[in-house]
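Residue strings, one per chain:
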Amino acid sequence: KTAYEIVDCDWSSDVCSSDLAENWSKRIERIDARCAELGWHVDFLNPGWLTEELFPVFARMRCSFTIAHMGMFLAKDGPGQRGFQKMLDVLRHGDGRMWIKFTGIYRMATLPAMADALPMARALIEAAPDRLIWGSDYPHLSFSDKVGSIQLFNLLADWAPDEITRTRILRDNPARLFGFRDR
């Protein structure tokens, strides 16, 4: 089963931790090999406990990769949680292939204001402002009646009050990750 096929589980902890990381590592290795050949990157969207379990697999990857929704570590648990701290460590001391996406904040933060995401976002910005990208995660499946893209975009101004950092996250970093050239 995939992480999203397991329904009787508390996704906020490693209670569900099974053989997923081990089983997925083989798939990830195959995908990584192909994406490395093509010059592509891999995007991961996993619950926080699985993101944490996959860090050793990520360390062996050859291609760049993104981790969506700030790793899907629950904001209510704050930036001190073990898996989030491991992610910060990889950002600070890794080889630069890991990128974090400020996407789907409503999936890991407390609605309606999502204010509990602020300490985590600031910790990521402090650790690696050159490895973050922003996205709306539109059309906000299952949350379209609760959040909007403008509200999510406005969170970035709280997380990164200075224009230089926001420009990096919104323009410069995606240009580097995706290989966009100045026109």
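Above: the structure in question.
The following refers to the structure shown. (Residues numbered from 1 in each chain as written. Predicted model: local features only at pLDDT ≥ 70, side-chain atom pairs only at ≥ 80, totals over all residues. Heavy atoms only, no water.)

Another point: the packing of helix α3 (residues 82-93) against helix α4 (residues 118-127). At a closest axis distance of 9 Å, the pairing of α3 and α4 adopts a crossing angle of 20°. Considering their axes alone, α3 and α4 lie roughly parallel with respect to each other. Judged by the sense of rotation from one axis to the other, the crossing of α3 with α4 is right-handed. Residues Phe84, Met87, Leu88, Leu91 and Arg92 of α3 touch α4, and the partners they reach there are Met120, Ala123, Leu124 and Ala127. (Axes fitted to C-alpha atoms, helices over the stretch in contact; angles between N-to-C directions. Helix = DSSP H or I, 4+ residues; strand = E, 2+ residues; numbered from the N terminus. Parallel < 35°, antiparallel > 145°, perpendicular 65-115°, else oblique. Left-handed = near helix turned anticlockwise from the far one by under 90°. Contact = heavy atoms within 4.5 Å.)

The subject of this paragraph is the packing of aromatic side chains. One pass over the full model with this rule turns up nine aromatic pairs. Geometrically, the ring pair formed by Phe44 and Phe65 is edge-to-face, given 6.1 Å between the ring centres and 80° between the ring planes. In this pair, Phe44 sits in strand β1 (residues 42-44) while Phe65 sits in strand β2 (residues 65-67), placing the two residues 21 residues apart along the sequence. Looking at Phe65, the relative accessible area reads 2%, which means it is buried. Where Phe73 meets Phe84, the ring centres are 6.1 Å apart and the plane angle is 80°; that geometry is what we call edge-to-face. Taken together, the residues span a long stretch of sequence, with Phe73 in the loop between β2 and α3 and Phe84 in helix α3 at a distance of 11 residues. This pair shows no difference in class: Phe73 is buried, exactly as Phe84 is. Each member of the aromatic cluster is reached from another via a ring pair, and the members are Phe44, Phe55, Phe58 and Phe65. Here the basic side chain of Arg131 rests over the ring of Trp99, its NZ or CZ set 4.5 Å away from the ring centre. (Phe/Tyr/Trp six-rings, centres within 6.5 Å; stacked < 30°, edge-to-face > 60°. Buried < 20%, exposed > 50% of the residue type's maximum accessible area, 1.4 Å probe, protein only. Lys NZ or Arg CZ within 6 Å of the ring centre and 35° of its normal.)

Let us look at the pairing of strand β3 (residues 98-102). Summarising burial for β3: five of the five residues are buried, a large majority. Going residue by residue along β3, you find Met98, Ile100 and Phe102 tucked away on one face and Trp99 and Lys101 tucked away on the opposite face as well. Here three bridges tie β2 to β3, and the two strands are oriented parallel to one another. Among the inter-strand pairings, Phe65 is bridged to a residue of β3, identified as Met98. With three bridges connecting them, β3 and strand β4 (residues 132-134) associate as parallel partners. Looking at the pairing, Lys101 lines up with Ile133 of β4. Of the crossover connections in this fold, the one passing from β3 over α4 to the parallel β4 is right-handed. (Pairing = 2+ DSSP bridges. Right-handed = clockwise from strand over helix to strand, strands pointing away.)

Following Leu111, the chain continues into Pro112 via a peptide bond in cis, with omega recorded as 10°. Locating Pro112 in the fold gives a position in the loop between β3 and α4. Located in the positive-phi region is His69, a residue other than glycine, with phi close to 55°. Residue class for His69 comes out buried when judged on its relative accessible area of 2%. The backbone phi angle of Met70 is positive, close to 55°, even though this residue is not glycine. Along the polypeptide, Met70 turns up in the loop between β2 and α3. Take Met70: its relative accessible area is 0%, and that puts it in the buried class.

Counted at 1.5 Å a residue, the expected span for α3 with its 12 residues is 16 Å, and the 16 Å between its end C-alpha atoms agrees. Within α3 the residues assigned to the buried category are Gly83, Phe84, Met87, Leu88 and Leu91. For α3, the buried positions fall inside an angular range of 145° around the axis, keeping them on one side. Seen from the buried face of α3, the exposed residues on the opposite side, beyond 90 degrees, are Arg82 and His93. Looking at the buried positions of α3, the neighbouring elements they touch are α2 (48-59), β2, β3 and α4. (Expected span 1.5 Å × (residues − 1). Arc of directions from axis to C-beta.)

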